[in-house]
Amino acid sequence: MTRRPIVWLVVAVALVGWPWLTDDKFLHHVGVLLCITAIAASSLHLIVRTGHVSLAHAAFMGVGAYGSVLSVMNFGLPWIAGLVIGTGAATALALVVGPIVLRLTGKYFVLITFLFGEMVRMAIVDQAGFTGGSNGIFNVPPPADFLLSTRAYYYFALAFAVCGVGLCARILSSEFGRAINAIREGERLAECSGVPVIRIKVTVFVIACAMAGVAGVLQAHYIRYVGPEGFSIVQSLNLVVMNVIGGMASLAGALIGTAFMVTLPELLRGYVNVQQIMFGAILFATMAFLPGGLIELGRRLGALVRGRRAAASRVAT
Amino acid sequence: MSRLLAVESLSRRFGGLQAVADISFEVAEGEILGLIGPNGAGKTTAVNLISGVLKPSGGRVRLAERDVTGLPPHVLVARGLVRTFQATTVYAGQTVRENLLRGAFRHLYPGLVASLLGTGAARVRRLEADAHVDEVLRWLDLERVQHQVASALPYGFQKVLGMAIALAAEPRLIMLDEPAAGLSAAETDHVRDTIRLVRGRGISVVAIDHNMRFISDLCDRVFVMAQGRELAQGTPQQVLRNATVIEAYLGKSYAQARH
């Protein structure tokens, strides 16, 4: 117990300090991607914890991104207004869609969110006069000029990621989180213990989609481009895979999955022609040997170390 | 004793099947009513209709003289009506204590914002719920196993735990769907004694079962159903003497032989 604050301090120092150990812009860039993706993946984790897998999460990122970019570039609004409008658009859409689609469960929910995500993408492509169609919109302004530096943007995104992941952690550890777990493990039983199941599912969905919207805004103003392909089913599936491969049972799993899925393709970049195959093979191996996700690896190692220590202390006494 | 639950001409049709047809009964405060009938009689459907899991196609349900027909289960829980299920009765992967805390949700939950901020009100509710859960654990004799995972408990204990989850919500009326199904004689006695304890607290009970001995031992009054309809109601003695009940249960020849 007494080691906990020290661990957190080390993590904080590492997150803040590492960009000064290197001037490599590419590493800073991976850091920014990690922060933005962590927001999206951990918010999807909230939905996963209610027992639903949404394939529309990247679409909500897209709604946030386009909402912000269009309002900033068409009306000359400041970035912060873009953030509010983009997040507001994702939230409002989730409020309309959530109560309808959350009456479905299991594979039907997966299918309907898949269709919804594709509808959003097609709407973006279709309204070309407004959204730039499949070409997207270039020259998106950064939130501020000093944020043109990748290192600066890393800290900017890190602040959002800490708040976002912190919010998810707080939700899951609260009484509200207890209701989320009860719904996943026994929806009928929860309802008959007085848990307003649909209302809680909709609340979680709206919070998660709002966070996805924030991630979309951050991404658009970072890469300074929005396009429909950036928010397609492929991205939604990536977010789901992050949750699955890290371990669906805990928020830490979603973060581990994020780190894995964002850094691995970058590490494999040197092997262009076999990159996809190696990526697939690694995913396969992980799921085959660690069905509980990568977090299981940590647990097993931890148990091994504790076992060794216990054995050592037995020998010593 | 004043009237707590009144069911009036309750009906439900599934396509061409009249699952529950025009049943009416009342439950007084602190009373144990047995709901009994052969398989497929519509007992569970009746409980589903009353507890809000299904919407009735006709009739009324009144709880403490307020119309609660068709309200969703979580609203009925807040009004004091809680039910258990035949199969999924517990959160298998959680400890007994966590199971009860989930049952106490409506007392524990201070609202989204208060729960995220951990306000004083949230902490007070948490302490109250903890105390209440301790009390339920004590009087159902589950204290010793409170830190065990529910799935590790013997089946009879799991049935009692299912009741404990419902009791953690502090109901005025608890509806038990086959609380003794699949239990040994000793376990059945334990469940029966537990239900008596519950009534001892002034909580009304509606118990479904098709075990006539269990029901007649336990209940103040019995409501007999067959093919969705009322067959008879009254004290266990009255009902057991009723020729139509004997016929429904034991067949025509047995009924005739006795007369």
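## Structural notes on helix α3 (residues 96–103) of chain B
Piece 1. Where burial is concerned, most of α3 of chain B is hidden: six out of the eight residues are buried.
Piece 2. Those residues of α3 of chain B lying buried are Val 96, Asn 99, Leu 100, Leu 101, Arg 102 and Gly 103 of chain B.
Piece 3. In this structure, the buried side of α3 of chain B is in contact with α8 (175–185) and α9 (187–191) of chain A together with α4 (105–108), α6 (120–139) and α7 (155–168) of chain B.

## Remarks on the interface of chain A and chain B
Piece 1. In this assembly, 20 residues from chain A lie in contact with 25 residues from chain B.
Piece 2. Of all elements in the fold, only α7 (150–173), α8 and α9 of chain A reach the threshold of two or more residues within the side of chain A that touches chain B.
Piece 3. Top contributing element to the side of chain A that touches chain B by residue count: α8 of chain A, with six residues.
Piece 4. A class-by-class count of the residues in the side of chain A that touches chain B yields nine nonpolar, five polar and six charged.

## Brief notes about the pairing of strand β2 (residues 17–28) of chain B
Residues and elements named next belong to chain B.
Piece 1. Pairing between strand β1 (residues 3–14) and β2: eight bridges, direction antiparallel. Across the sheet, the residue bridging to Arg 12 is Val 20, located in β2.
Piece 2. What sits between β1 and β2 in their antiparallel hairpin is a turn of two residues, with Gly 15 showing a positive phi close to 55 degrees.

## Notes on the sheet that holds β2 of chain B
Piece 1. Strand order in the open sheet made by the four strands is β2-β1-β4-β5 (chain B), with antiparallel pairing throughout. Edge positions in the open sheet fall to β2 and β5 (66–67) of chain B, since each of these has one partner strand only.

## Observations concerning the pairing of strand β3 (residues 32–36) of chain B
All names here are of chain B.
Piece 1. Counting buried residues in β3 gives five out of five residues, a clear majority hidden from the surface.
Piece 2. Here β3 shows a buried face lined by Ile 32, Gly 34 and Ile 36 and a second buried face lined by Leu 33 and Leu 35.
Piece 3. Direction of pairing for β3 relative to strand β8 (residues 204–209): parallel, over a ladder of five bridges. Across the sheet, Leu 33 pairs through a bridge with Val 206, a residue of β8.
Piece 4. When β3 meets strand β9 (residues 221–226), the two strands line up parallel, connected through four bridges. Each residue of the ladder has a partner; that of Gly 34, found in β9, is Val 222.

## Here we look at the sheet that holds β8 of chain B
Residue and element names in this part refer to chain B.
Piece 1. Strand order across the open sheet formed by six strands is β6-β7-β8-β3-β9-β10, with mixed pairing between neighbours. Looking at strand neighbours, the two that pair on one side only are β6 (81–83) and β10 (229–234), the edges of this open sheet. Neighbour-to-neighbour, the strand axes of the sheet open up by a mean angle of 15 degrees, direction not taken into account.
Piece 2. Looking at chain direction, β6 and strand β7 (residues 173–177) are connected through three bridges and run parallel. Paired with Leu 81 across the strands is Leu 173, a residue of β7.
Piece 3. In the packing of helix α8 (residues 185–200) onto the sheet, contacts are made with β3, β7 and β8, and the angle to β8 comes to roughly 155 degrees.

About the thresholds
Residues numbered from 1 in each chain as written. Chains lettered and ligands numbered in written order. Predicted model: local features only at pLDDT ≥ 70, side-chain atom pairs only at ≥ 80, totals over all residues. Buried ≥ 20, exposed ≤ 12 C-beta atoms within 10 Å, placed from the backbone. Helix = DSSP H or I, 4+ residues; strand = E, 2+ residues; numbered from the N terminus. Contact = placed C-beta atoms within 7 Å. Nonpolar A, V, L, I, M, F, W, Y, C, P; charged D, E, K, R; others polar. Pairing = 2+ DSSP bridges. Axes fitted to C-alpha atoms, helices over the stretch in contact; angles between N-to-C directions.

Such coordinate-based values are descriptive only and should not be taken to indicate function.
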